[in-house]
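If you want the building blocks of each chain, they are given just below.
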Number of protein chains: 2
Amino acid sequence: MFSIGELSKRTKVKVPTIRYYEEMGLLAEAERTRGNQRRYDKAGLERLSFIRHARDLGFSIEAISSLIELQDHPDRSCSAASKIASSHLADVRDKIKRLKLLEKELSRISSGCDGNGLSENCYVLASLADHDLCSIEH
Amino acid sequence: MFSIGELSKRTKVKVPTIRYYEEMGLLAEAERTRGNQRRYDKAGLERLSFIRHARDLGFSIEAISSLIELQDHPDRSCSAASKIASSHLADVRDKIKRLKLLEKELSRISSGCDGNGLSENCYVLASLADHDLCSIEH
DNA sequence: TGTAATGTCTCTAGTAACTAGAGGTTCAAG
DNA sequence: CTTGAACCTCTAGTTACTAGAGACATTACA
């Protein structure tokens, strides 16, 4: 059994974040000492590692909640887990796509001004003011 | 002079968002009718178009605030504008980089489970539980 | 056993950029 | 003059935390 600080160190999840996960129902309510401090065991550590890993991969709290639910029921079909993962993947791909468009446009705009002139001649400002100066839809 | 609804239609910025921009100081406080309703002119339209365009490109409200400040002072150096644009571009590139890593890992994990098995054998769940199943740092 | 330092507790509020809704007022058309 | 759409302000909710206040618990050391 170890404290929340210790759990935090081992998982690299900050203490308030651990409490937040508990409040959100991702972590079961921890046992308490007589003085009301949380104590964790290996199971708590593993669950938090799972959460942390999923968060690192960009899954939402809600998605993680469902994934944990499934993990707790080994006998269920994993089609939901598979769907969650692939829909998240689709989201990520979509984001990349949109960011690449932004990148293209931003780099074009940005390279149009070296910062040595006056605001009235600034290509960055002019581009923002006039959508026609854009090369692409966005 | 036209109403906030009209401005909304022309710029495709929602009415509450327009009010929000005003509250945040991006838009000057609009003139009002005797009945206290906002009225806008061409200048208001242009400013909102500028904001909308900048938001579409992912600039933060704060950044846009600075950009507008510069636009209102044609005699100032535009080095700040140039910096804002290039730092935002760097942010976008960074995000793309990180998302690509995620995408790689997610697609690997996702393709490991077709959703037809049981939760206990699910590669998605197993991967989240065990960081060692990851192919990359993230 | 006393004490001091560190850790922990709960609660509230703040972050970014909106969105939704309640309850009331004004406008424009007919 | 009435009616319905548009508008007003204000509050609260969204996501996933983070920061801070004020109080209590634990641990190490003398």
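Here we summarise the structure given alongside this text.

What counts and what doesn't
- Residues numbered from 1 in each chain as written.
- Chains lettered and ligands numbered in written order.
- Predicted model: local features only at pLDDT ≥ 70, side-chain atom pairs only at ≥ 80, totals over all residues.
- Heavy atoms only, no water.
- Least-squares fit on C-alpha atoms with pLDDT ≥ 70 in both.
- Contact = heavy atoms within 4.5 Å.
- Phe/Tyr/Trp six-rings, centres within 6.5 Å; stacked < 30°, edge-to-face > 60°.
- Lys NZ or Arg CZ within 6 Å of the ring centre and 35° of its normal.
- Near = heavy atom within 4 Å.
- Polar contact = N/O pair within 3.5 Å; in protein donor to acceptor, adjacent residues only side chain to side chain.
- Salt bridge = Lys/Arg side-chain N within 4 Å of Asp/Glu carboxyl O.
- Buried < 20%, exposed > 50% of the residue type's maximum accessible area, 1.4 Å probe, protein only.
- Helix = DSSP H or I, 4+ residues; strand = E, 2+ residues; numbered from the N terminus.
- Nonpolar A, V, L, I, M, F, W, Y, C, P; charged D, E, K, R; others polar.
- Core = buried A, V, L, I, M, F, W, Y, C linked by side-chain atoms within 4.5 Å.

Observations regarding the relation of the copies chain B and chain A
Step number 1: For the pair chain B and chain A, the relating rotation is 180 degrees, the translation along its axis is 0.0 Å, and the fit reaches an RMSD of 0.1 Å. When the rotation and shift are considered jointly, the pair of chain copies conforms to a two-fold rotation axis. By C-alpha distance to the rotation axis, the residue of chain B lying nearest is Ile 96 of chain B, at 3.0 Å.
Step number 2: Mapped onto chain A, 100% of the interface residues of chain B again fall at the interface, so both copies present the same surface.

A look at the packing of aromatic side chains
Residues and elements named next belong to chain A.
Step number 1: Inspection of the entire model under this criterion finds two aromatic pairs over all chains.
Step number 2: The interplanar angle of 50 degrees and the centroid separation of 6.0 Å between the aromatic rings of Tyr 20 and Tyr 21 together place this pair among those described as tilted.
Step number 3: It is Arg 10 that lies over the ring of Phe 2; its NZ or CZ is 4.2 Å from the centre.

Some remarks on the protein's contact with DNA strand D
Step number 1: In the region of DNA strand D, 18 residues are neighbours, and Thr 17, Tyr 20 and Arg 55 of chain A together with Gly 5 and Arg 19 of chain B sit closest.
Step number 2: The protein-proximal atoms of DNA strand D, defined as those within 4 Å of the protein, are 87% sugar or phosphate.
Step number 3: A distance of 3.4 Å is found between a sugar or linking oxygen of DNA strand D and a side-chain nitrogen or oxygen belonging to Gln 37 of chain A.
Step number 4: Within the contact set of DNA strand D, a phosphate oxygen lies 3.2 Å away from a side-chain nitrogen or oxygen of Arg 32 of chain B.

A short note on the pattern of salt bridges
All names here are of chain A.
Step number 1: One pass over the full model with this rule turns up 20 salt bridges over all chains.
Step number 2: The partner of Glu 69 in a salt bridge is Arg 76, and the shortest N-O contact between them spans 3.6 Å.
Step number 3: With relative accessibility at 40%, the residue Glu 69 sits in the partly exposed group.
Step number 4: Taking relative accessible area as the criterion, Arg 76 reaches 34% and is therefore assigned partly exposed.
Step number 5: Counted as one network, the salt bridges with shared partners bring together Glu 22, Arg 32 and Arg 38.

Remarks on the protein's contact with DNA strand C
Step number 1: Around DNA strand C, the surrounding shell holds 18 residues, and the nearest of these are Ser 3, Arg 19 and Arg 38 of chain A together with Thr 17 and Arg 55 of chain B.
Step number 2: A distance of 2.9 Å is found between a phosphate oxygen of DNA strand C and a backbone nitrogen or oxygen belonging to Gly 5 of chain A.
Step number 3: One of the side-chain nitrogen or oxygen atoms of Thr 17 of chain B is found 2.8 Å away from a phosphate oxygen of DNA strand C.
Step number 4: Among the elements of the structure, α1 (4-11) of chain A together with α2 (15-23) of chain B are those that each provide at least two residues to the surface near DNA strand C.
Step number 5: Of the residues in the surface near DNA strand C, the class split is four nonpolar, nine polar and five charged.

Digging into the nonpolar core
Step number 1: Membership of the largest hydrophobic core comes to 77 residues, with the highest contact counts inside it found for Phe 59 of chain A together with Phe 59 of chain B.
Step number 2: Not counting the four nearest positions on each side in its chain, Phe 59 of chain A is found in contact with Ala 54, Ile 64, Leu 67, Ile 84, Ala 85 and His 88 of chain A together with Leu 106 and Leu 128 of chain B.

Observations regarding the environment of Glu 22 of chain B
All names here are of chain B.
Step number 1: Within the secondary structure, Glu 22 sits in helix α2.
Step number 2: Residue class for Glu 22 comes out buried when judged on its relative accessible area of 12%.
Step number 3: Remark: the alpha-carbon pair of Glu 22 and Thr 11, spanning eleven residues in sequence, is separated by 15 Å.
Step number 4: Ignoring sequence-local partners within four residues, the contact set of Glu 22 consists of Leu 27, Ala 28, Glu 29, Ala 30, Arg 32, Arg 38 and Tyr 40.

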